[in-house]
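Structural characterization, general
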Amino acid sequence: SVALVNTYFDTAQDVKLMLFTEKEDIDIFDMTCSKNTIHSSGIEGSYKSFILPPIEPWQMRLITV
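Residues numbered from 1 in each chain as written. Predicted model: local features only at pLDDT ≥ 70, side-chain atom pairs only at ≥ 80, totals over all residues. Heavy atoms only, no water.

1. Quick look at unusual backbone geometry
The line we're drawing: What counts as a helix is a DSSP run of H or I of at least four residues, what counts as a strand is a run of E of at least two, and both are numbered from the N terminus. Buried residues are those whose accessible area, probed at 1.4 Å on protein chains only, stays under 20% of the maximum for their type, while exposed residues exceed 50% and partly exposed ones sit between those limits.
Positive phi, close to 70°, is recorded for C33, a residue that is not glycine. Along the chain, C33 turns up in the loop between strand 3 (25-29) and strand 4 (35-39). Relative accessible area serves as the criterion here: at 64%, C33 is assigned to the exposed category. Phi is positive for W58, close to 60°, though the residue is something other than glycine. Residue position: W58 is located in the loop between strand 6 (47-52) and strand 7 (60-64).

2. Side note on the side chain of R61
The test is simple: Counted as a polar contact is a pair of N or O atoms within 3.5 Å, where, for protein atoms, one must be capable of donating a hydrogen and the other of accepting one, and residues adjacent in sequence contribute only when both atoms are in side chains. Note on contacts: a residue pair is in contact if any heavy atoms of the two residues lie within 4.5 Å.
Positionally, R61 belongs in strand 7. Taking the relative accessible area as the measure of exposure, R61 reaches 9% and is therefore buried. A distance of 3.5 Å separates a polar side-chain atom of R61 from the backbone oxygen of P54. When sequence neighbours within four positions are dropped, the list of residues in contact with R61 reads V2, A3, L4, I28, F29, D30, M31, P54, I55 and E56.

3. So, the side chain of T21
Counting through the fold element by element, T21 comes out in the loop between strand 2 (15-20) and strand 3. Exposure remark for T21: the relative accessible area of 13% places this residue in the buried category. Among the polar contacts made by the side chain of T21, one reaches the main-chain amide nitrogen of K23 at a distance of 3.0 Å.

4. So, the pattern of salt bridges
Quick reminder of the rule: When a carboxyl oxygen of Asp or Glu lies within 4 Å of a side-chain nitrogen of Lys or Arg, that pair is called a salt bridge.
This model, assessed by the stated rule, comprises 4 salt bridges. A salt bridge links E24 to K48; its shortest N-O distance comes to 3.3 Å. Placement of E24 in the loop between strand 2 and strand 3 and of K48 in strand 6 is noted, with a sequence separation of 24 residues between them. E24 gets classed as partly exposed once you look at its relative accessible area, which sits at 36%.

See the structure below:
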């Protein structure tokens with residue numbers, strides 16, 4: 001699991017997350033416990049890339065693989 005916090009006053013957009021995983025999908029939970037499943041957008045070596053949905057200022061996302 002990864003906890004990601006946007007500590008800026010602007011919305012974070014097009015955040016690319018690189019994970020060392022064999023999974024094609026990750027689950028993202030927002031501050032209201034809403035779940036969003038994201039499919040891998042590519043592979044770079046042993047890492048999969050995932051483009052996260054926008055993260056509002058001072059909001060956290062919990063990412064599970």
